[in-house]
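Structural overview
Now for the letters of each chain:
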Amino acid sequence: MTFHFIFADKEEQRTKKTKNSPSCLGYPVSIFFIVVNEFCERFSYYGMKAVLVLYFKYFIGWDNDLSTTIYHTFVALCYLTPILGAIIADSWLGKTIVYLSIVYTIGQVIMAISAIHDITDTNRDGTPDNMTFHTAMSMLGLMLIALGTGGIKPCVAAFGGDQFEEHQEKQRSTFFSIFYLSINAGSLLSTLITPILRAQECGIYSKQSCFPLAFGVPAALMVVALIVFIAGHSMYIMESPKGNILLRVMKCIGFAIKNRFNHRSKQHPKREHWMDWAEEKYDKLLIAQVKMVLKVLFLYIPLPMFWALFDQQGSRWTLQATTMDGNFGAFIIQPDQMQIVNPILIVIMVPIMDSAVYPLIKKCHINFTPLRRMTVGMLLASLAFVAAALLQIQIDVTNICCRFVNGFRSHLNFTIKSDNLGPIAPLQGSGYLSVPHGKANFTIVNEEGQTCHYILQLGFGSSYTVLIPSTFSFGESCTENIKAIQDIEPNGIHMAWQVIQYFLMTCGEVVFSVTGLDFSYAQAPSNMKSVLQAGWLLTVAVGNIIVLIVAEAGSLPDQWAEYVLFASLLVAVSIIFAVMAYFYTYMDPMEIEAKFMDLEPEEKKRKELGMTTKDNLAYVNNETSNNTDDKQTKI
């Protein structure tokens, strides 16, 4: 499980308003409210996300492809909105958190309401009669959640850092460690708890999987997060806005492109770099910093493919787990609980890699550079999908099937959720129907409209024949004479086999994501680290868009083939990235920036006055007109 931050850059620090913040043990009391807020918010987000794809499949009734598509569309939005949050945060940091948290909370509450099947279950058969209402409500809730969680993602960490004075660098560092711990704690607990809540049965008229509770608890935690954050408002140190470096970079790039286009004729001499066309308006230091940023962003181009595989842990891999046996003897693991393997392995693998693996590689005199580590991480992720494909082949051999034989005296109609077998004549049988494991609720209807609800517990990979005898009759005891004959015993493919693919993916994440963030920080200019963070988040969003495109296309008949396709694509992208990394030259941003720190007096004056090159030339010529005659000055 990867966590992303956009921290405030040192050079972009804003002037603090004079305010005395209460302290405890040398730490501002205000950070307590911020840490608790982050724990509750992460619990809310990851708890809702853990059961989301199963909600689409089993409550809304979508197939695997559509469920995967909507899931990854939501995740993509969650990683696109932080860019918006980063832009507005410099002006309204504290207010941004409050207002977007309200939007976030409303979204979570709407999601919980959308999962209450009794709202539209007028005939009380356990199935909503107006699925359009539930679908529309859930889509509205997800859009509000994406706006809320993404919008505050770059704000909370930076706001927490703003609570410390300049001399509290050690305390600020400790705060960020505690802040990261609160994220891990929230995500771990929610991924463990919400699937258990979903597995419960609840309802007013009929008992169904308790998605309202699984969404309701995260919604309640988000309410707590909002209340806690507002409760500490009188202790917060608020800062005055100074501007946004991301917007400055975008404007600088835009001006360079526009200026180059306006001077595209051959009569204008070429410049060493296309960004040099911004010199007419922007100082050379900013241009040099933008060049460094663009150099790293170019390496980001292949990275979305890694995230396309990584984020399928919450969609395709969770759906795969629904077809496996989660009985561990002393306890039963729910399919959506398997996602907890990733954060657990992260906690174990990170210190092992840092304290054992990397030092061992260094002792072997292997130059394991950051970009080489990232390449290895991508290859490990592709191996994880090969393992998933091999496991899927074994699962596909044993699907869960069920058929009906009508021994009754009249035609009977059999339905399960949205699947209708149609009327079956007396002494006739239906074909086999693939159904999900667990409790299957069948509805039997005769020609007069009488109904009988029959529940059958289906094992993994099993096959059943349901016999309706001649003695069958409708009424309260209609299920007494129905016989379920097991044609094929449940399979023995255990959910524990997924640990292999989770282990490979987590190893890939450690050497790819952690290394990538560190590399980006080291190669970024001092005041543009948030720009690269925004670019990093954008690669996550694009990766999820890739998944939804493939899922929506749905051209591959077998799921294992799709796993192999993704693995092959990532291998190809890894090769491209390795070539790009080979030609990459590592930079020292501080050294490069130092070359531009001592600007010439004329350049400083131009920067202060906001002159263009033409204005600057006029200024310099005017200053030197007493000593020179018709002489051009080059800046």
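All values reported here derive from a predicted model rather than from experimental measurement. By convention here, each chain's residues receive numbers from 1 onward along its written sequence. Local features in a predicted model are, by the rule used here, given only for residues with pLDDT of at least 70; side-chain atom pairs are given and counted only at 80 or more, and totals for whole chains, interfaces and linings are based on all residues. Excluding hydrogens and water, the side-chain figures rest on all heavy atoms present in the structure.

Each helix and strand in the protein chain was counted, giving 18 helices and 13 strands. Expressed as a percentage of the 635 residues in the protein chain, the buried residues total 51%. The long-range fraction of contacts in the protein chain, counting pairs at least 24 apart against all pairs at least 6 apart in sequence, stands at 77%. All accessibility values rest on the Shrake-Rupley procedure with a 1.4 Å probe; residue burial counts only the protein chains present in the view. In the form shown here, the protein chain has an accessible surface area of approximately 29,900 Å², with 62% of it arising from carbon and sulfur atoms. Note on conventions: DSSP H or I runs of at least 4 residues are helices, E runs of at least 2 residues are strands, and numbering of each starts at the N terminus. Only protein chains enter the accessibility calculation, which uses a 1.4 Å probe. A residue is then buried if its area is under 20% of the maximum for its type, exposed if over 50%, and partly exposed in between. Residues count as neighbours in contact if any of their non-hydrogen atoms are within 4.5 Å of one another.

We now examine the pattern of salt bridges. Here, a salt bridge means any side-chain nitrogen of Lys or Arg that lies within 4 Å of a carboxyl oxygen of Asp or Glu. Per the counting criterion, the structure on display carries six salt bridges. When the shortest N-O distance is used, the salt bridge between Lys291 and Asp276 registers 2.7 Å. You can see Lys291 sitting in helix α8 (residues 284-299) and its partner Asp276 sitting in the loop between α7 (245-262) and α8, a full 15 residues away along the chain. By relative accessible area, Lys291 is classed as partly exposed at 26%. A residue is classified by how much of its surface remains accessible, and Asp276, at 8% relative accessible area, is buried. Measuring nitrogen to oxygen at the nearest pair gives 2.9 Å for the salt bridge that ties Glu562 to Arg316. One end of the pair, Glu562, is in helix α15 (residues 559-582); the other, Arg316, is in helix α10 (residues 316-321), with 246 residues separating them in the sequence. Arg316 carries the same exposure label as Glu562, and that label is buried. Beyond isolated ion pairs, a larger network of salt bridges with shared partners links Asp65, Arg316 and Glu562.

With that settled, consider the side chain of Thr415. Note that Thr415 resides in strand β6 (residues 412-416). Ignoring anything within four residues of it in the chain, the contact list for Thr415 reads Asn420, Asn441, Phe442 and Thr443.

The nonpolar side chains of a soluble globular protein tend to be buried, and buried together. Counting residues in each nonpolar core, the largest one holds 121 residues, and the members touching the most others are Leu52, Tyr55, Phe56, Phe74 and Phe215. The element contributing the most residues to this core is helix α3 (residues 64-114), with 11 residues. Think of a nonpolar core as a cluster: buried Ala, Val, Leu, Ile, Met, Phe, Trp, Tyr and Cys residues, connected wherever their side-chain atoms sit within 4.5 Å. With 23 residues, the next largest nonpolar core counts Phe404, Tyr464, Ile468 and Phe474 among its residues.

This part takes up the confidence of the model for the protein chain. Averaged over the protein chain, the pLDDT score is 81; the fraction of residues at 70 or greater is 85%. pLDDT expresses how confident the predictor is about each individual residue, on a scale running from 0 to 100. Mean pLDDT values for the elements of the protein chain range from 44 in helix α18 (residues 613-623) up to 95 in helix α9 (residues 304-310). Within the model, pLDDT remains below 50 along residues 5-19, and this stretch shows 59 contacts once partners closer than five positions in the same chain are excluded. Considering only residues more than four positions removed or in separate chains, one finds that residues 611-635, a stretch of pLDDT under 50, has 24 contacts.

So, on to the state of the cysteines. The disulfide criterion is simple: two cysteine sulfur atoms within 2.5 Å. Tallied over the entire structure, the rule returns two disulfides. Between the sulfur atoms of Cys202 and its disulfide partner Cys210 the distance amounts to 2.1 Å. What sets the handedness of the Cys202 and Cys210 disulfide is the S-S torsion sign, and at about 105 degrees it is right-handed. For Cys202, a relative accessible area of 19% puts it in the buried group. Given the relative accessible area of 5%, Cys210 is considered buried. Disulfide pairing places Cys452 opposite Cys478 at an S-S distance of 2.0 Å.

Stacked, tilted and edge-to-face pairs are distinguished by plane angle, under 30 degrees for stacked and over 60 for edge-to-face with tilted covering the rest, among Phe, Tyr and Trp rings (Trp via its six-membered ring) whose centres lie within 6.5 Å. Evaluated as defined, the whole model comprises 36 aromatic pairs. An angle of 80 degrees between the planes, with centres 5.1 Å apart, marks the rings of Tyr55 and Phe215 as edge-to-face. A residue pair is termed long-range when its members are at least 10 positions apart, and Tyr55 in helix α2 (residues 52-60) and Phe215 in helix α6 (residues 211-231) qualify at 160 residues. For Phe215, a relative accessible area of 0% translates into the label buried.

Glancing now at unusual backbone geometry. Positive phi outside glycine occurs at His365, with the angle close to 60 degrees. Taking the relative accessible area as the measure of exposure, His365 reaches 75% and is therefore exposed. At Leu427, a residue that is not glycine, the phi angle is positive and equals roughly 60 degrees. Within the element layout of this structure, Leu427 appears in the loop between β7 (419-424) and β8 (428-429). The exposure class assigned to Leu427 is exposed, which follows from its relative accessible area of 72%.

Moving on: the pairing of strand β5 (residues 401-406). Being paired, for any two strands, means DSSP has found at least two bridges between them. For β5 and strand β9 (residues 433-434), the ladder comprises two bridges, and the chain directions are antiparallel. Within β9, the residue paired with Cys402 across the bridge is Leu433. In terms of strand pairing, β5 meets β8 through two bridges, oriented antiparallel. From the neighbouring strand, Asn406 faces β8, where its bridge partner is Gln428.

When you line up the elements, Val376 lands in helix α12 (residues 370-396). A sequence separation of 133 residues divides Val376 from Glu509, and the C-alpha atoms of the two residues are 9.9 Å apart. What Val376 contacts, discounting residues up to four positions off in sequence, is Phe368 and Val511.

Position of Met111 relative to the elements: it lies in helix α3. Spatially, the C-alpha atoms of Met111 and Phe215 are 6.5 Å apart, while their sequence positions differ by 104 residues. Aside from chain neighbours lying at most four places away, what touches Met111 is Leu52, Tyr55, Ser138, Gly141, Leu142, Ile145 and Phe215.

Attention shifts here to the packing of helix α11 (residues 341-363) against helix α13 (residues 498-523). At their nearest, the axes of α11 and α13 sit 9 Å apart, and the two run at 60 degrees to each other. The angle between the axes of α11 and α13 places the two elements in the oblique class. For the crossing formed where α11 meets α13, the hand is right-handed. Residue-level inspection shows Val341, Asn342, Leu345, Ile346, Met349, Val350, Met353 and Tyr358 of α11 in contact with α13, the latter providing Tyr502, Phe503, Thr506, Cys507, Glu509, Val510, Val511 and Thr515. Axis lines are fitted through C-alpha atoms, for helices just across the contact stretch, and the angle between N-to-C directions can take any value from 0 to 180 degrees. With respect to orientation, any angle under 35 degrees is reported as roughly parallel, any angle over 145 as roughly antiparallel, any angle of 65 to 115 as roughly perpendicular, and every other angle as oblique. Left-handed describes a crossing whose near helix is turned anticlockwise from the far helix through less than a right angle; right-handed describes the clockwise counterpart.

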